[in-house]
Amino acid sequence: MSEHTRPEPPFAAIDADAGPASTASARLAWIAHRLRQTSMRITQAQSVAELRPAALQADALIASLQGHGFDIELTMDLVSELGDQLLARLWCLLAPKDLVDNSCLLVMGSEGRGEQTLKTDQDNGLLLRDGTACDALPEIAASFTAALRDLGYPLCPGGIMLSNTRWRQRATDFRETIRQWCYGTDPEGVMQLAILLDARAVAGDVRLLGDAKAHLWSILPDSDAFFARFASPVGQFDATPGNWWQWLSLRHDEQRQVVDLKKSGSFQIVHGVRALALKHHVDAVSTRERLRELVEHHGMPSALARDVRDALHLLIALRMDHHLRQRRLGQAPDNLVDYRDLGTLEHAQLDSVMAIVKNFRQYLHLHCPFEML
């Protein structure tokens, strides 16, 4: 059997033959080898069909990491690296070179922030250099969206995909769109602006995204009312006194008591930190980097930032566990965790998380008084 076809030893086999120190070393070597192998498959793929095994291999690698207790930051970093490679390669397979060179492929949402674990919704867009013409662009964009769906990325319910003309614009047109999001009356403008803040370039001319964000900073309103309005989605989920299960988004029926991990925790952290980053012109994209800059340059207490970061990572890990459980059961992924599926330690951790979220909301309100709207 050749080296390329020899099956990889599972973690269980590694564990059985090694002590604690050698086990950790063997696991890291296994990860590094599988990462290189998957990355090579992506970069060498000559068709969408050849990308599919790499996408499946990446999913299996990430599931193995979580199943064996690897740090969630490491998991997110690996997902981000492989995801960027996969989307960039797919785009180069589908788009002619002239289009690739005169455009910028973006990822947004949790992908943009580098906080994705398993594949969820597609969140992508395209900026075009002024004067770029490609008659086949609508068909290419539709093929890109369809191919990603085939590779395991579900369609975005909000339409944040290349197939949506709102997220496929020339630079000048997009600058006007940004101005409308800042000063227009569309109630969706705030969240569209939030989506842009999380954008990150994965292929093409990265300067196009840099120019778009520079335009945003140059026209950004400087008013407490604007920043309060931007932060206001956090206020949709009120933190009332009592135990965490009394104020999380619960749904009661005859059989289930359900916790919404996103609405009641991770969204409030992610969007609250994003609002503070917007106010202080912090150009970092990930929540952890935004927190670092807010501490170093804008006076955020380091203890609060550390707690907020750790709380977010715990929620992401819990959600990943939940999604893996749903995958095993053949269920569609969601953010609703049944209370009975949580252990005693997880209950205690969530108590701490909710206290952190409450403290962070108070800090956010001092700087972006959203509850006054």
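Residues numbered from 1 in each chain as written. Predicted model: local features only at pLDDT ≥ 70, side-chain atom pairs only at ≥ 80, totals over all residues. Heavy atoms only, no water.

Asks: Before we go on, may I ask you to explain the packing of aromatic side chains in this structure?
Replies: Two descriptors summarise a pair of aromatic rings, namely the distance from one centre to the other and the angle between the planes of the rings. Throughout the structure, instances matching the rule amount to five aromatic pairs. With a centroid separation of 6.4 Å and an interplanar angle of 55°, the aromatic rings of Trp167 and Phe174 are classed as tilted. Pairing Trp167 with Trp181 gives two aromatic rings, centres 5.5 Å apart and planes at 40°, and the pair type is tilted. Taken together, the positions of Trp167 in the loop between α7 (137–150) and β3 (168–170) and Trp181 in helix α8 (residues 171–183) put the pair 14 residues apart, joining distant regions of the chain. A single burial state applies to Trp167 and to Trp181, both of which are buried. Grouping aromatic residues by their ring pairs yields a cluster made of Trp167, Phe174 and Trp181. Here the guanidinium or amino end of Lys119 rests over the ring plane of Tyr153, the centre of that ring lying 5.4 Å away. (Phe/Tyr/Trp six-rings, centres within 6.5 Å; stacked < 30°, edge-to-face > 60°. Helix = DSSP H or I, 4+ residues; strand = E, 2+ residues; numbered from the N terminus. Buried < 20%, exposed > 50% of the residue type's maximum accessible area, 1.4 Å probe, protein only. Lys NZ or Arg CZ within 6 Å of the ring centre and 35° of its normal.)

Asks: Please explain the environment of Met108 as it appears in this structure.
Replies: With respect to the element layout, Met108 can be found in the loop between β1 (103–107) and α6 (109–113). In sequence terms Met108 and Arg200 are 92 residues apart; their C-alpha atoms lie 6.4 Å from each other.

Asks: Honestly, the pattern of salt bridges in this entry has me stumped. Any pointers?
Replies: Should their charged atoms come close, side chains of opposite charge can pair. Going through the model one piece at a time under the given rule, you end up with 16 salt bridges. Taking the shortest distance from any N to any O, the salt bridge between Lys119 and Asp59 comes out at 2.6 Å. Here the residue Lys119 occupies a position in the loop between α6 and β2 (124–128), and Asp59 occupies one in helix α3 (residues 48–67), the gap between them amounting to 60 residues. What makes Lys119 buried here is its relative accessible area of 14%. Residue classification places Asp59 among the buried residues on the basis of a relative accessible area of 15%. Bridged by salt links that share partners, the residues Arg113, Glu115, Asp198, Arg274 and Arg290 form one connected network. (Salt bridge = Lys/Arg side-chain N within 4 Å of Asp/Glu carboxyl O.)

Asks: I tried to follow the nonpolar core on my own but got confused; where do I start?
Replies: Most often, soluble globular proteins have nonpolar side chains that are buried together. Of all hydrophobic cores here, the largest spans 111 residues; its most connected members are Trp91, Leu105, Ile178, Leu193, Leu196 and Leu278. The leading source of residues in this core is helix α15 (residues 302–328), at twelve residues. (Core = buried A, V, L, I, M, F, W, Y, C linked by side-chain atoms within 4.5 Å.)

Asks: Which parts of the structure should I look at to understand the sheet that holds β1?
Replies: Adjacent strands of a sheet pair through backbone hydrogen bonds, lying either parallel or antiparallel. Spatially, four strands are ordered β3-β2-β1-β4 in an open sheet, and the strand pairing comes out mixed. For this open sheet the edge positions go to β3 and β4 (200–204), each flanked by a neighbour on one side alone. Each strand of the sheet is rotated relative to its neighbour by a mean of 25°, with strand direction disregarded. Bridge count between β2 and β3: three bridges; the pairing is parallel. Looking at β3, one finds that Leu126 is bridged to Arg168. On top of the sheet, α8 reaches β2 and β3; it is set at about 110° to β3, its chief contact. (Pairing = 2+ DSSP bridges. Axes fitted to C-alpha atoms, helices over the stretch in contact; angles between N-to-C directions. Contact = heavy atoms within 4.5 Å.)

Asks: What is the right way to look at the packing of α8 against helix α10 (residues 207–219) in this model?
Replies: Two numbers describe a pair of packed helices, the interaxial angle and the distance between the axes. In contact at an axis separation of 10 Å, α8 and α10 are set at 35° when each is read in the N-to-C sense. Classified by chirality, the crossing of α10 by α8 is right-handed. Two secondary-structure elements touch here, α8 through Phe174, Arg175, Ile178, Arg179, Cys182 and Tyr183 and α10 through Ala212, His215, Leu216 and Ile219. Partitioned by chemical class, the residues of the contact of α8 with α10 number seven nonpolar, one polar and two charged. (Left-handed = near helix turned anticlockwise from the far one by under 90°. Nonpolar A, V, L, I, M, F, W, Y, C, P; charged D, E, K, R; others polar.)

Asks: It is not clear to me how α7 should be interpreted in this structure. Could you clarify?
Replies: Structurally, the α-helix is built with 3.6 residues per turn, so residues lying three or four positions apart point the same way. With 14 residues, α7 extends 20 Å between its outermost C-alpha atoms, agreeing within 8% with the 20 Å of an ideal straight helix rising 1.5 Å per residue. Leu137, Ile140, Ala141, Phe144, Thr145, Ala147 and Leu148 are the residues of α7 that are buried. In a view along the axis of α7, the buried residues occupy a sector of 165°, so they form one face of it. (Expected span 1.5 Å × (residues − 1). Arc of directions from axis to C-beta.)

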